[in-house]
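Topology and contacts: notes
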Amino acid sequence: MPVVSVGMPMGPGCSTCGYCGPLGERSSTETSFKKAGFIASQLSCEVYQKMIYRGWRRSGTYCYAPDLRRSCCPQYTIRLDAIAFKPSRSQRKLINRWNHFVMQGHKSDTSDSLILQGISSSPVPTKPSKSGGNASKRDPSKFSLSNSIHAAESDFISPNAIACHDFKVTLEPSTYSEEKYALYLLYQRQIHHDPHNTPEDFKRFLVKSPLINEPIPYPASAPDHLPSQYGSFHQMYRLDGELIAVGVIDILPGCVSSVYFMYDPKHDKYSLGKLSALREVSLAREMHDAGAVTMSSLAMGFYIHSCPKMKYKGGFSPSYLADPEEFTWVPLADCIPQLEKFRYAAFVHPEHSLEGPQDPGEGPPVRVSEELLNEVMVIYSMQQGAISIIPICLSHQWKDEYNREEILSCVDALGDEISRKIIFR
């Protein structure tokens, strides 16, 4: 039985901005705008993916569509083609550096740990290439992303290999634990200078999810380390048994969607955030190769050109930005000139782009066709587990002017196709 998507529409809103304020602080005024919001009771993974591709994101069960035209730091949806992706030299170096640390340790601890085992501190032997040395450094075509991502994991290394550290990465459902919460507190306090977080904050932000798990239609048995279901997951990174990082991800029919990443700051020098993105690219590619043929992309969240800490996403290629008006995909390289020139850049209709930091104010009133309003459904009643639905324009919510404006804003931001697939409440 197909999953029914249900939620409550919310209208426009604004808040302070976390991208252009001082380090660890938000902007002093409300300069980040949202076109609409949506509190999801449950969503099919297909519907949520379509929402992402129209500029929506979720924070727990709350979904929102930023208003790029009005916001101080416009948030463009960015998507990486995981199948066509080829790691850059610096990205290959990051992977090799982490693997070297796991297998051989720091220079300060390598000799001690290996001498105790009665072996030299030379690299773990591998089959030599005919050309000798590390061929992947000279010839990127010989570099396998998936092989390299797993090269230092204890579940993948050869039984004869001797590693300095025990490194494991596993997927588990999005659930709460004290261990995860402790890591979240540490990360928020030291990286984002945010000491005020409770277990409920953590659950609301990174544990609760409206996505309903659905089986992935592999044509044959997939490798054990790949997920068997679409849905929300925590990717757990453990070093010598200690939880050092958690990637919060949504696995959807066409993409792996990055939600959040947190890590122990003592490993900051290894750029674990960038490594996690590379691992998520590899996950999408491995699922595709295992027969989940619609899986092709990594949804990297938002690209904010004016925010230096977010611009690293542009180093993953080939990437595309969703046009904020037509929601078609435009190569990032083609977007950069307009992003450099305008605060708000409309790629398909550049004449709509805006310079200057000032808020242009609300646009024209939202208009939704009567035909669509007769096809958008709302829950009328629930009895013994059965729900009755009616067109939203016949509901009691529609009769209230404030509710009607919220409904119109939400339907407009969702678009015709998605609005027809959701039952409002």
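Residues numbered from 1 in each chain as written. Predicted model: local features only at pLDDT ≥ 70, side-chain atom pairs only at ≥ 80, totals over all residues. Heavy atoms only, no water.

Moving on to the overall build of the chain. What the chain contains, in helices and strands, is 13 helices and 17 strands. The C-alpha atoms of the chain give 24 Å as radius of gyration, which agrees with the globular expectation for 425 residues (22 Å, within 12%). Along the first, second and third principal axes, the C-alpha set of the chain runs to 80 × 55 × 45 Å. For the chain, the proportion of its 425 residues judged to be buried stands at 48%. (Helix = DSSP H or I, 4+ residues; strand = E, 2+ residues; numbered from the N terminus. Rg over C-alpha atoms; globule rule 2.2 N^0.38 Å. Buried < 20%, exposed > 50% of the residue type's maximum accessible area, 1.4 Å probe, protein only.)

It is the contact of helix 2 (residues 89-104) with helix 8 (residues 272-289), at a shortest axis distance of 10 Å, that shows an interaxial angle of 105°. When the axes of helix 2 and helix 8 are compared, the pair comes out roughly perpendicular. Contacts between helix 2 and helix 8 pair Gln91, Leu94, Ile95 and Trp98 from the former with Leu272, Lys274, Leu275 and Leu278 from the latter. (Axes fitted to C-alpha atoms, helices over the stretch in contact; angles between N-to-C directions. Parallel < 35°, antiparallel > 145°, perpendicular 65-115°, else oblique. Contact = heavy atoms within 4.5 Å.)

A word on a nonpolar patch on the surface. Judged by side-chain polarity, Met382, Ile387 and Ile389 come together as a nonpolar surface patch covering roughly 280 Å² of accessible area. Using a relative accessible area of 39% as the deciding quantity, one classes isoleucine 389 as partly exposed. (Patch = residues over 30% accessible without salt bridge, like charges linked within 9 Å, V, L, I, M, F, W, Y side chains within 5 Å. Areas by Shrake-Rupley, 256 points an atom, 1.4 Å probe, with all protein chains shown as cover. Salt bridge = Lys/Arg side-chain N within 4 Å of Asp/Glu carboxyl O.)

Looking now at the confidence of the model for the chain. When the pLDDT values of the chain are averaged, the result is 91; 92% of them are 70 or greater. Low confidence marks residues 108-136, where pLDDT is under 50. Its contacts with residues over four positions away, or in another chain, come to 26 contacts. (pLDDT = per-residue confidence, 0-100.)

Let us look at unusual backbone geometry. That bond from serine 317 to proline 318 is cis: its omega, 5°, falls within 30 degrees of zero. Along the chain, proline 318 turns up in the loop between strand 12 (297-303) and strand 13 (319-322). Phi at histidine 193 is positive, roughly 55°, even though this residue is not glycine. Tracing the backbone through its elements, the reader meets histidine 193 in the loop between helix 6 (178-191) and helix 7 (199-207).

Moving on: helix 1 (residues 45-52). Buried residues dominate helix 1, accounting for six of its eight residues. The complete set of buried residues in helix 1 reads Cys45, Val47, Tyr48, Gln49, Met51 and Ile52.

Turning to the pattern of salt bridges, a few remarks are in order. Enumeration according to the criterion identifies 11 salt bridges in this entry. For glutamate 200, the salt bridge is made with lysine 203, and the minimal N-O distance between the two is 3.5 Å. One end of the pair is glutamate 200 and the other is lysine 203, both in helix 7 and three residues apart, which spans about a single turn. Judged by relative accessible area, which is 40%, glutamate 200 ranks as partly exposed. Its relative accessible area of 24% is what places lysine 203 among the partly exposed residues.

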